Amino acid sequence: MLLLLALYTLAGFVVAPPLLRWEIVRLGQRTFQRPVALDTVRVNPYALSVELRGFRLTEADGSALLGFERLYVRLAPSGLLHWALGFGEIRLEGLKGAFIRYGAADTNVGRMIQAAARGGGAAEPEAKDQGLPRLLVHHLAVVDAAADFTDQVPATPFKTTVGPVSVEFNDLSTLPERQGQQHIQVRLEGGATLDWTGKSGLNPIVSAGHVAARGPYLPLLARYFGDALHVAVPTGTVAADLDYQVSRRPDGDYALAVNRLSLAVRDLAVHETGAAAPFLSVPDLRLSGGRLAWPERRAGADSLTVDGLALALRRRADGRFAPLPWLADAAAPVADATSAADAGPPWSATLDKVEIRKAKATVEDQALQEPARLEVTPIDLTLESLSNQAGALFPVTLAAGLSTGGQIKAQGEVSVLPALQLRAKVTVSDLRLAAAQPYVREWARVDITDGLLDGESDVTLKPADGLTIAGKGEVRALAVAERGGDTPVVSWDRLGIDQYEYRQSANDLRISQITVASPYLRLQVAANQSTNFSHLSVTREKAPAPASPPAAPPVVSVGRVLITAGKADYGDASLPLPFSAHITNLQGEVAALTSAPTSSTRLALRGQVGDFGEVTINGHLIPFDPGRATNVTMVFRNVEFPGLSPYTVKFAGRRVAQGRLDVDLRYVIDGGKLNGANRAVIRDIKLGEKVAVPGALDLPLDLAIALLKDEEGRIHVDLPVSGDLKDPRFDIGSVISRAFGTLVTNLVTAPFRALAALFDGADADKLEHIDFAPGRADLAPPEREKILHLAQALAARPQLALVVPGVTAPEVDKPQLRLDALDARLAHDLADHYTLEGQRALLETLFAQRIGPDQLPPLRLSFAPAPGETAAKAPAAPVVDEPSYVAALRERVAATEPVDERTLSNLAQARAAAVAGALAKLAPALDARRVRLQRATVARATDEGLVPLKLDAASAGDGD
């Protein structure tokens, strides 16, 4: 007995360690095809334990792959009581590993596994599943483990160390219905930690416990994805906690429940790569009450709160917003609805409340000639009862202030599924219009020196009706001056809109009443007969008339415009003697104002001219087409005649030293034909000295006045005028001048050309459609010219937005796409052998596969010469017209090429994107929100075989 004990002791302490060490090294090297080293092996036969020290598995070049300092394993005979292999203790110390990623699916560990698979020899027959082996581990510990992770795939290789890692399991067992305690702690770069504490079992797999994460996870993730996102995250800590439970249901399926999920993100700062200041900062973000249930597919949280968020965006000169690295230019791939349906019922997601408090948003617009900067702060936004259920309404409250002054508030409900819906009341108060200065200077050389906007609106968005906005508003204390000047060109104390309604479905804007209190207008005619308004306008190229009729613009209607206490200053430096007039106390109304081409507007205005003169204006006209139908009467009473000397000098070369004037002017226009009746009464007129003016009429005015004066010293003048407004040579000044010379009684005239100068400018037409070649999304030169005209028209109509839908015409697009797909295959498969013989051979193969080999001979013979067309001695095989035969093969085979709906959808999107891209290139200052891409439509090809993309117009206010 003692001998057996001695032999057992000798074998355990002396013989077994070197043999075991040799076998481990030999087996490791043979299995992994890599060098293996093991410093020492110790066996304690009495404790039934084995201890390995200094294990190292390296690459062929000696770089470390896997190793540990000490592995201690002690058997537990008590496991036999449970018919299980028992371990009293398993302890692994100093585990070190190196993980290197060389490519998308190429790693050093993967290469090691592949080597092990090659070195393992022939695979043994798969054994019948006997279930889990019966194991019982009383205590398992991994101490001071670490791994070096290197990813060489990014442009900037990523390296980090995971560790130290500690793992501790108590009573780990595969025996049925047994569970043990576990605790895992992982430390990451920068002090980030991950703790997992719980209780788990392996037969069946169940687990419950708590997971906690702390530290700077976000900077670590940003460093890894930095090349893709072009951002840097120097700061940002995460504190996350959750309780979980994995259980097995009676039906055998597993269930996961997550409760008490909380997340806190603090001091997050996101920079553009290389930028000193962050464009996104989040001092405090908190998610609480998170929960998840699977397979019930429910997820939710009690609240999400964000405090002090700051976002800085800029619109670059090319019109794109930055920094938004996660917004790709290419269209996002369309999800496979079939696969999504096969995955099971949709998830149910809820979030009880979202609060964004004291946020700040800064937008810098570099696409303007004069860069603009707008800061919105503070922003307080609250959303409640968020859900992904169809038709769910979320109460929303918004309050925002502008750094330039003013408040914006909104309260209502919003729904996002199945389509966006909105019902909200929006209030704007004390919004300073000077904030729009850089945008106004894009089309006018003016300064907005003052002006406040107030308004209340009910905003509704429905899938069927589109956008509807109804409300009231006013602009107070507006003052617009020439750039760099102090004197206003236009101003008013108040412009109020009593009630308005915009309806996208009807494409109209209805305004009940506009009240303008104390308006002021300063109109100056320069020596070259241009006005200060034409000088203020930014010169833009005139868009040539489009080949197709323009789309109908939105219809705008105003019940009436009331004017009170108005003023105007008029000056004319184009006359030999400079003229000026001051009009005060202008009041009245303009009723039934509309943009409809046939609607008439009524005028009723009166004001004071000079100290004691009066003017009244009554009648009606069509505002946007006055040449169609106009009937306007202007009456001047008690106007000081010497003030009109500049006009008498121009026409008659004489000043007027004294006199008063009453004038009745009536103009009737019907179908472009003008018939006017001017009646004047001149009282107490005295002529002044002569003035030499080229072109003035040489008339005997002294004699004429003496003959025309009645006993009361009055002169009555009737001066009819007529003409054709459609005649390009028509000029009202010339008509009046000729009448003055004929009657000799036309002593004064009104400067009507200033009105014409105010409205001088080209109408901006909009194109109806852009044509594409079948199967193509590139723009032909004529279409690029259309888009140039369109860009110029949009620049001249800043309130218009362009709607660009995608489009396809399957009857012409599909055949061309099939031919393109077949030609691409021929080019790919034939490569450098793209000869007529090569095409014929490949097309014959495809023809036989898709149509049938029995159809090939008749087709080939149809391109052989008819009997009698060949020589007397025919060749053994018929001669075939190869080019025509190959063309017929190409046409027949192309008809079998598949073209799915997704290909057509991509083509439609590409066409819309081509139009939008060309507009952005031709008009870089154009706001990208004014070009709206819409879902694809199906069109019919034109007679020329082209695919027309029909454009539409909308109001620039829907995207806001």
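Owing to the predicted nature of the structure, the values given are computational and were not obtained by experimental measurement. (Residues numbered from 1 in each chain as written. Predicted model: local features only at pLDDT ≥ 70, side-chain atom pairs only at ≥ 80, totals over all residues. Heavy atoms only, no water.)

Draft legend 1. Representation of the overall build of the chain in the model. When helices and strands are tallied, the chain shows 16 helices and 40 strands. For the chain, the proportion of its 960 residues judged to be buried stands at 38%. (Helix = DSSP H or I, 4+ residues; strand = E, 2+ residues; numbered from the N terminus. Buried < 20%, exposed > 50% of the residue type's maximum accessible area, 1.4 Å probe, protein only.)

Draft legend 2. Summary view of the pairing of strand β8 (residues 158-173). Looking at chain direction, strand β7 (residues 135-151) and β8 are connected through 12 bridges and run antiparallel. Its bridge partner lying in β8, F149 is registered against T160. Counted between consecutive antiparallel strands, the loop separating β7 from β8 contains 6 residues. Taken together, β8 and the strand that follows it, strand β9 (residues 180-187), pair antiparallel across an intervening segment of 6 residues, in which E177 is found at a positive phi of about 60°. (Pairing = 2+ DSSP bridges.)

Draft legend 3. Quick look at the pattern of salt bridges. Under the criterion given, the structure shown has 48 salt bridges. The closest approach of N and O atoms between R286 and D307, which form a salt bridge, is 2.7 Å. One end of the pair, R286, is in strand β14 (residues 278-294); the other, D307, is in strand β15 (residues 298-307), with 21 residues separating them in the sequence. For D307, a relative accessible area of 18% corresponds to the buried category. For D508, the salt bridge goes to R510, with nearest N and O atoms at 3.2 Å. Residue classification places D508 among the buried residues on the basis of a relative accessible area of 7%. (Salt bridge = Lys/Arg side-chain N within 4 Å of Asp/Glu carboxyl O.)

Draft legend 4. Focus on helix α15 (residues 882-894). Here α15 spans 18 Å end to end across 13 residues, near enough to the 18 Å set by a 1.5 Å rise per residue. Elements in contact with the buried residues of α15: α12 (810-830), α13 (836-850) and α14 (856-861). (Expected span 1.5 Å × (residues − 1). Contact = heavy atoms within 4.5 Å.)

Draft legend 5. Main features of unusual backbone geometry. Note that the residue after G163, namely P164, is joined by a cis bond; omega there is 5°. Of note, P164 is situated in strand β8. Of note, the amide linkage connecting L417 to P418 takes the cis form, showing an omega dihedral of 0°. Residue position: P418 is located in the loop between β21 (407-415) and β22 (421-432). In the Ramachandran plot, E177 falls in the positive-phi region, its phi being about 60° despite a non-glycine side chain.

Draft legend 6. Spatial organisation of the nonpolar core. Of all hydrophobic cores here, the largest spans 30 residues; its most connected members are V446, L478, W492, I514, V516 and V561. Those elements that provide at least two residues to this core are β23 (446-462), β24 (466-482), β25 (488-503), β26 (508-517), β28 (555-572), β30 (601-609), β32 (629-640) and β33 (654-670). Contact partners of L478, with chain neighbours within four places excluded, come to L433, I448, D450, G451, V490, S491 and W492. Core analysis: the next-biggest nonpolar cluster, separate from the first, contains 25 residues, V812, L919, L926 and V947 among them. (Core = buried A, V, L, I, M, F, W, Y, C linked by side-chain atoms within 4.5 Å.)

Draft legend 7. Quick look at the packing of α12 against α15. Packing of α12 against α15 leaves a shortest axis separation of 9 Å and a crossing angle of 115°. With respect to their mutual orientation, α12 and α15 come out roughly perpendicular. The crossing of α12 and α15 is right-handed. Where α12 abuts α15, its residues R818, L819, L822 and D823 lie against R890, V893 and A894. For the contact of α12 with α15, the per-class residue count stands at 4 nonpolar, no polar and 3 charged. (Axes fitted to C-alpha atoms, helices over the stretch in contact; angles between N-to-C directions. Parallel < 35°, antiparallel > 145°, perpendicular 65-115°, else oblique. Left-handed = near helix turned anticlockwise from the far one by under 90°. Nonpolar A, V, L, I, M, F, W, Y, C, P; charged D, E, K, R; others polar.)

Draft legend 8. Examining the environment of L287 more closely. One can find L287 in strand β14. Not counting residues within four places of it along the chain, the set of residues in contact with L287 comprises L261, S262, L263, A301, S303, L304 and L351.

Draft legend 9. The confidence of the model for the chain, seen in detail. On average, the chain scores 81 in pLDDT, and the residues at 70 or more come to 80%. Mean pLDDT in the chain bottoms out at helix α10 (residues 753-758), which sits at 27, and peaks at β15, which reaches 96. Predicted confidence is poor over residues 326-341, with pLDDT under 50, and the contacts of this stretch with residues over four places away or in other chains come to 5 contacts. A low-confidence stretch, residues 870-874 stays under pLDDT 50, and its non-local contacts, those more than four residues away or across chains, total 1 contact. (pLDDT = per-residue confidence, 0-100.)

Draft legend 10. Here's a closer look at the environment of D493. Considering the arrangement of structural elements, one finds D493 in strand β25. Separated by 18 residues in the primary sequence, D493 and V475 place their C-alpha atoms 8.2 Å from one another. Ignoring anything within four residues of it in the chain, the contact list for D493 reads V475, R476, A477, A517 and S518.

Draft legend 11. Molecular detail of a nonpolar patch on the surface. A cluster of nonpolar side chains, L2, L5, Y8, L10, F13, V14, V15, L19, Y46, L48, L75 and L85, forms an exposed patch at the surface whose accessible area comes to about 1,100 Å². With 8 residues, the top contributor of residues to the nonpolar patch is helix α1 (residues 2-32). Take L2: it is sitting in helix α1. Assessed through its relative accessible area of 70%, L2 is described here as exposed. (Patch = residues over 30% accessible without salt bridge, like charges linked within 9 Å, V, L, I, M, F, W, Y side chains within 5 Å. Areas by Shrake-Rupley, 256 points an atom, 1.4 Å probe, with all protein chains shown as cover.)

Draft legend 12. View of α12. The terminal C-alpha atoms of α12, which comprises 21 residues, lie 29 Å apart, in line with the 30 Å expected from a rise of 1.5 Å per residue. Burial in α12 covers these residues: V812, D813, L817, L822, L826 and L830. Positive phi shows up at A831, right after α12, with a value of about 55°.

Draft legend 13. Structural detail: the packing of aromatic side chains. Within this structure, the stated rule accounts for 10 aromatic pairs. Where F149 meets F158, the ring centres are 6.1 Å apart and the plane angle is 65°; that geometry is what we call edge-to-face. Under the relative-accessibility criterion, F149 is labelled partly exposed at 22%. Exposure remark for F158: the relative accessible area of 5% places this residue in the buried category. When the ring of W196 is compared with that of Y244, the centres are 6.3 Å apart and the planes differ by 55°; the resulting orientation is tilted. (Phe/Tyr/Trp six-rings, centres within 6.5 Å; stacked < 30°, edge-to-face > 60°.)

Draft legend 14. Structural context of the packing of α13 against α15. Running from N to C, α13 and α15 point in directions that differ by 40°, and their axes come no closer than 9 Å. As judged from the angle between their axes, α13 and α15 are oblique. Crossing geometry of α13 relative to α15 is assigned as left-handed. Contact residues: L836, Q839, R840, L843, E844, L846, F847 and R850 in α13; E882, P883, Y885, V886, L889, R890, R892 and V893 in α15.

Draft legend 15. Region of the structure containing the pairing of β22. Pairing of β21 with β22 involves 9 bridges; the strand directions are antiparallel. Counterpart to E413 in the pairing with β22 is R423. The loop that links β21 with its antiparallel partner β22 comprises 5 residues. In terms of strand pairing, β22 meets β23 through 9 bridges, oriented antiparallel. Bridge pairing links L422 to L461 in β23.

Draft legend 16. Broad picture of the environment of L374. With respect to the element layout, L374 can be found in strand β19 (residues 372-387). The exposure class assigned to L374 is partly exposed, which follows from its relative accessible area of 32%. Between the C-alpha atom of L374 and that of A312, which follows or precedes it by 62 residues, the distance is 9.9 Å. With residues near it in sequence (within four places) discarded, L374 still touches A361, T362, V363 and L402.

Draft legend 17. The side chain of D454, seen in detail. With respect to the element layout, D454 can be found in strand β23. A polar atom in the side chain of D454 sits 2.5 Å from the backbone nitrogen of D430. Apart from the residues lying within four places of it in its own chain, the contact partners of D454 are V428, S429, D430, G473, E474 and R476. (Polar contact = N/O pair within 3.5 Å; in protein donor to acceptor, adjacent residues only side chain to side chain.)

Draft legend 18. The arrangement of the side chain of T58 in detail. Residue placement: T58 occurs in strand β2 (residues 49-58). What makes T58 buried here is its relative accessible area of 16%. Once you skip the residues sitting within four places of it in the chain, T58 turns out to touch R34, P35, S63, A64 and L65.

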